[in-house]
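# Coordinate analysis (summary)
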Amino acid sequence: MKCVVVASQGAELLFCWADRAFTRRLRRRFGPSEQGGREPPAFGDSINTLFAPMIISCMTLLERLSDTYTCFLAEDGGHLYVLHMFGECLYIAVNGDGSESEDDLRRKLYVLRRLAEAHFGLVTLDSHLVCKELRPADSEQRSRVWALFQGLLQTYSSLREAEQSFAVEAVERLIHPQLCEQCIEFLERQVVQHINASGQRGGEEVVHAFLLVHTKLLAFYSSRSASTIRPADLLTLILLVQDLCPSPSADENLSPQLAEGGLTLQRPKSSESIPVKSPGPRGTPGSEAEEQDADEISIPEEYFTPQPSPSRQSTGGASWSEGSEPPGSGEADAVDVQVAEDSLQALVPPVPSASNPRRIFLDANLREGYCPMVPHTMYCLPLWPGISLVLLTKSPSTHVTCSLYQLLDGFLMLEKKLREGQEVAPPSRTHPLLAELRQRMDKFVRKLGRQDMQLHNAWLEFKSKAFSRHEPGNSRELLQALVSVRRQLCSVYRQLFLTSLPTQGLAQDLQDWAQKLVREKLLDWRDFLLVKSKRNITMPTYLEDFPGLVHFIYVDRTAGQMVAPSLNVAEDSTSELGKGVLAAFIKKKVWSLIGLARRYLQKGYTTLTLRDGDYYCSYFLWFENELGYKLEVIEVPVLSDDSAPIGMLAGDYYRKLLRYYSKNHPAEGVKCYELLTLHLGVIPAECVIQQACDLARRLWEPSRIPLL
């Protein structure tokens, strides 16, 4: 019984997603028996009829009291409603089966808003244009847009329930430092540099390339001219990739030999395509112990690589340093093409190309300064089910985005002052910011020429009202003129990056070449990577030093990355937690601890220890400098119940928290960490706290978490 609705101020339905249970109940309510035998209304009309009174009452309260309700429980006690206004659009989330809390529903709304920003960019600054994007006039196009966001919501809900990385909202890396290093080098020298030097790239430049194994990051490369990608954007991209190329079920990836337990880990016989350097000579016993400690997570001495498939020609003889054939020298075999096509069948609506290039807007630090929602093109190239290569390109028109953002940011500041009742005239004397904005806007309109007369006319009207020496100008009229200019700027942005999508981009031959090349290099590692993604880190590594420890999650909030032992809850898979019911019970405890820690952090608590039945749960948040020394504890801000949820996808809580703490430490870099632990209840509280300190120290050491 779940539903998500987006509506305009006029109660127009802009978007809707509902699960099967909610849809069945809606059909019963508006079925033929309830309509006096008449034909039942369409699904969208039924949703509109059901939610219209709520939307109208919410908007009325907002108009008369400048405030409205954000959450309520239905009279029967079965349905929980959470509402939030983003601009002039009302987002509503409903749950009727008790499986989601108020925080879960609010988080879902914020994630949906973030997905809209990732697909629409700066257009989201104008509610009128967002309405056009979410509800296009053409019914076929509207179905495609709704299907896109419906699929993304379903994918997000599934990942949040199944993956620890999405539960805590942080990126999880595949821990194998030597393989990761080789993959990064390969992506740089043989993939990115070759594509950027090719004449078939259609004017685009590959700035980021990364490899994903399910939801875990194997390798990430950024070109020297690229801006650092934010962890929140990277996690959003992983969500998009999982929606485009859904990972198969938990045990479909395991080879039959491993699933039966009849194969032990051994050194591969033919793996020269990705050579892994062996450790250096072992000298004294002390050095031997040191090497053993440094490698207890990655275990480079033992790993599994299956024999090449008999149906393929082994590529084990290829070397990383050897070049590859240019596009056109050969095509991927029919089996590879079929695998890539089958991996994309789950996407609705279907797309003509296996790579499915998609326009995505990401934050960037350019030479002109910080600019949010810079347009990129994402190419998702499935290698095998569960393993994907992702390329991110930028177009030559990136500088236009920065200019538009600077103008929009200035107009938004002025709009805020006008709405607060502040005077802006005469601008040249009391508001030098407006004088600078006028100069920038005149320059931008001149460059644009007569291509957009609506922007030209809106700007002339605003100047006549804001810079007139004879008439002081009415604040309401000035606000209307300013809103008109802002809307026209967003409209220019929409025409450049949404309405007229580029017809060129990376040629299909170039994409096929990159896909085939990476397949060949990772062929002998395919099954190892799929198994490794399910057993990235295992608890036996820690049980000897931390007796009684059941599970932990360690998060570097500065880097936006996390480390945690694997949790496998499938009935036919066995882990250190047992199989089936027991593993699912522990997983439920961990998810409950994550939600509890967030609620206490929202109230200002950075440390939490409690006994929960036979288990002892603990949560710690602390700050360190770049050398690893802990900084003094401070009182973190207390948030209201209806504030943005804590996390990366749903908001910028940790960025704001780091900025808040760094005010008292301007001379040193501040880092933020989190640790959640689950111990057996027989362990004394003082031992739990001591183990948490030792575990955090051990996980912090650079040799323990390569590239973190």
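As the structure is a computational prediction, the values presented were derived from the model and not from experiment.

In terms of helices and strands, the protein carries 22 helices and 18 strands. Counting over 708 residues, the protein shows a buried share of 52%. By sequence separation, contacts in the protein at least 24 residues apart represent 72% of the contacts at least 6 residues apart. Accessible surface for the protein amounts to roughly 33300 Å². Of this, 50% is attributable to carbon and sulfur atoms.

Looking now at the environment of tyrosine 605. Position of tyrosine 605 among the secondary structure elements: in the loop between helix 20 (581–602) and strand 16 (607–612). Not counting residues within four places of it along the chain, the set of residues in contact with tyrosine 605 comprises Tyr600 and Tyr619.

Here we come to the packing of aromatic side chains. Here the structure, examined in full by the defined rule, presents 22 aromatic pairs. Ring geometry for tyrosine 370 against tyrosine 405: centres 6.5 Å apart, planes inclined by 90 degrees, an arrangement best described as edge-to-face. Placement of the pair is tyrosine 370 in strand 10 (residues 369–384) and tyrosine 405 in helix 12 (residues 398–419), with a sequence separation of 35 residues. We classify tyrosine 405 as buried; its relative accessible area is 17%. An angle of 80 degrees between the planes, with centres 6.1 Å apart, marks the rings of phenylalanine 411 and tryptophan 459 as edge-to-face. With phenylalanine 411 in helix 12 and tryptophan 459 in helix 15 (residues 453–466), this pair connects stretches of sequence that are 48 residues apart. Put simply, the rings of Phe15, Phe120, Trp146 and Phe149 touch in pairs and so form one group of aromatic residues. Seen from the ring of tyrosine 654, arginine 557 lies directly overhead, with NZ or CZ sitting 4.0 Å from the centre. Above the plane of the ring of tryptophan 622 lies lysine 630, whose end atom (NZ or CZ) is 5.5 Å from the centre.

Our next topic: the packing of helix 4 (residues 127–134) against helix 16 (residues 475–499). Interhelical geometry of helix 4 versus helix 16 gives an angle of 30 degrees and a closest axis separation of 9 Å. By the criterion of interaxial angle, the relationship of helix 4 to helix 16 is roughly parallel. Where helix 4 approaches helix 16, its residues His128, Leu129, Lys132 and Glu133 are matched on the opposing element by Arg487, Cys490, Ser491, Arg494 and Leu498. For the contact of helix 4 with helix 16, the residue count by class is three nonpolar, two polar and four charged.

Another aspect to go through is the sheet that holds strand 6 (residues 171–172). Reading across the sheet, the six strands line up as 6-13-12-18-17-16 and stay open at both edges, with mixed pairing between neighbours. A single partner strand is all that each edge strand has here, and the edge strands are strand 6 and strand 16. The sheet contact formed by strand 12 (residues 549–556) and strand 13 (residues 561–563) spans three bridges and is antiparallel. Note on strand 13: the bridge partner recorded for valine 555 is methionine 562.

Another aspect to go through is the confidence of the model for the protein. Chain-level pLDDT for the protein is 80 on average; 78% of the residues reach the 70-or-more range. Counting interchain partners and residues more than four positions distant, the pLDDT-below-50 stretch residues 250–273 has 46 contacts. Taken as a whole, residues 703–708 scores under 50 in pLDDT and shows 19 contacts with residues more than four places along the chain or in a different chain.

The next thing to look at is the sheet that holds strand 5 (residues 89–95). Neighbouring strands of a sheet are bound in pairs by backbone hydrogen bonds; such pairs are parallel or else antiparallel. Strand order in this open sheet of five strands is 2-1-5-4-3, and the pairing throughout is antiparallel. Each edge of the open sheet carries a strand with a single partner, namely strand 2 (13–18) and strand 3 (71–73). Going across the sheet, the axis of each strand differs from the next one's by a mean of 15 degrees, ignoring polarity. As judged from the six bridges shared by strand 1 (residues 2–7) and strand 5, these two strands associate in the antiparallel manner. Counted as the bridge partner of valine 6 is tyrosine 91 from strand 5.

It is worth spelling out the side chain of arginine 114 at this point. Tracing the chain through its elements places arginine 114 in helix 3 (residues 102–120). There is a polar contact of 3.1 Å between the side chain of arginine 114 and the side chain of threonine 236. Setting aside residues no more than four positions away along its own chain, arginine 114 makes contact with Ala232, Asp233, Thr236, Met648 and Leu649.

Attention shifts here to the nonpolar core. Phe51, Ile92, Phe149, Phe462 and Leu489 are the most contacted members of the largest nonpolar core, which totals 120 residues. Element by element, the count of residues in this core is highest for helix 16, at 12 residues. What phenylalanine 149 contacts, discounting residues up to four positions off in sequence, is Phe15, Leu112, Leu115, Ala116, His119, Phe120 and Leu134.

Over its 22 residues, helix 20 runs 32 Å from end to end, which matches the ideal 32 Å to within 8%, given 1.5 Å per residue. Immediately beyond the C-terminal end of helix 20, within one or two residues, lies glycine 604, with a positive phi of roughly 100 degrees.

This part takes up the side chain of serine 395. The topology assignment puts serine 395 in the loop between strand 11 (387–394) and helix 12. In this structure the side chain of serine 395 is engaged in a polar contact, spanning 3.0 Å, whose partner is the side chain of serine 397.

A word on the environment of leucine 621. Looking at the element boundaries, leucine 621 is found in strand 17 (residues 615–625). Classification of leucine 621 as buried rests on a relative accessible area of 7%. Considered as a pair, leucine 621 and valine 633 are 12 residues apart in the sequence and their alpha carbons are 9.5 Å apart.

By the criterion of burial, strand 2 is predominantly enclosed, with six of the six residues buried. Two elements, strand 1 and strand 2, share five bridges in a ladder whose sense is antiparallel. When the sheet's bridge partners are listed, valine 6 is paired in strand 2 with phenylalanine 15. Joining the antiparallel neighbours strand 1 and strand 2 is a turn of five residues, in which alanine 11 adopts a positive phi near 65 degrees.

Attention now goes to helix 22 (residues 685–700). Taking 1.5 Å of rise per residue, the 16 residues of helix 22 would be expected to cover 22 Å, and the 23 Å separating its terminal C-alpha atoms lies within 8% of that figure. For helix 22, every residue scored as buried is listed here: Val688, Gln691, Ala692, Leu695, Ala696, Arg698 and Leu699. Taken down its axis, helix 22 places every buried residue within 160 degrees of arc, on the same side. For helix 22, the exposed residues lying more than 90 degrees away from the buried face are Glu686 and Arg697.

Of all seven residues in strand 8 (residues 216–222), six are buried, a share of seventy percent or more. Of the pairings in the sheet, the one linking strand 7 (residues 205–213) to strand 8 comprises six bridges and is antiparallel in character. Across the sheet, the residue bridging to phenylalanine 210 is phenylalanine 220, located in strand 8. Linking strand 7 back to strand 8 in an antiparallel pair, the connection comprises two residues, with histidine 214 at a positive phi of about 60 degrees.

Rules of the game
- Residues numbered from 1 in each chain as written.
- Predicted model: local features only at pLDDT ≥ 70, side-chain atom pairs only at ≥ 80, totals over all residues.
- Heavy atoms only, no water.
- Helix = DSSP H or I, 4+ residues; strand = E, 2+ residues; numbered from the N terminus.
- Buried < 20%, exposed > 50% of the residue type's maximum accessible area, 1.4 Å probe, protein only.
- Contact = heavy atoms within 4.5 Å.
- Areas by Shrake-Rupley, 256 points an atom, 1.4 Å probe, with all protein chains shown as cover.
- Phe/Tyr/Trp six-rings, centres within 6.5 Å; stacked < 30°, edge-to-face > 60°.
- Lys NZ or Arg CZ within 6 Å of the ring centre and 35° of its normal.
- Axes fitted to C-alpha atoms, helices over the stretch in contact; angles between N-to-C directions.
- Parallel < 35°, antiparallel > 145°, perpendicular 65-115°, else oblique.
- Nonpolar A, V, L, I, M, F, W, Y, C, P; charged D, E, K, R; others polar.
- Pairing = 2+ DSSP bridges.
- pLDDT = per-residue confidence, 0-100.
- Polar contact = N/O pair within 3.5 Å; in protein donor to acceptor, adjacent residues only side chain to side chain.
- Core = buried A, V, L, I, M, F, W, Y, C linked by side-chain atoms within 4.5 Å.
- Expected span 1.5 Å × (residues − 1).
- Arc of directions from axis to C-beta.

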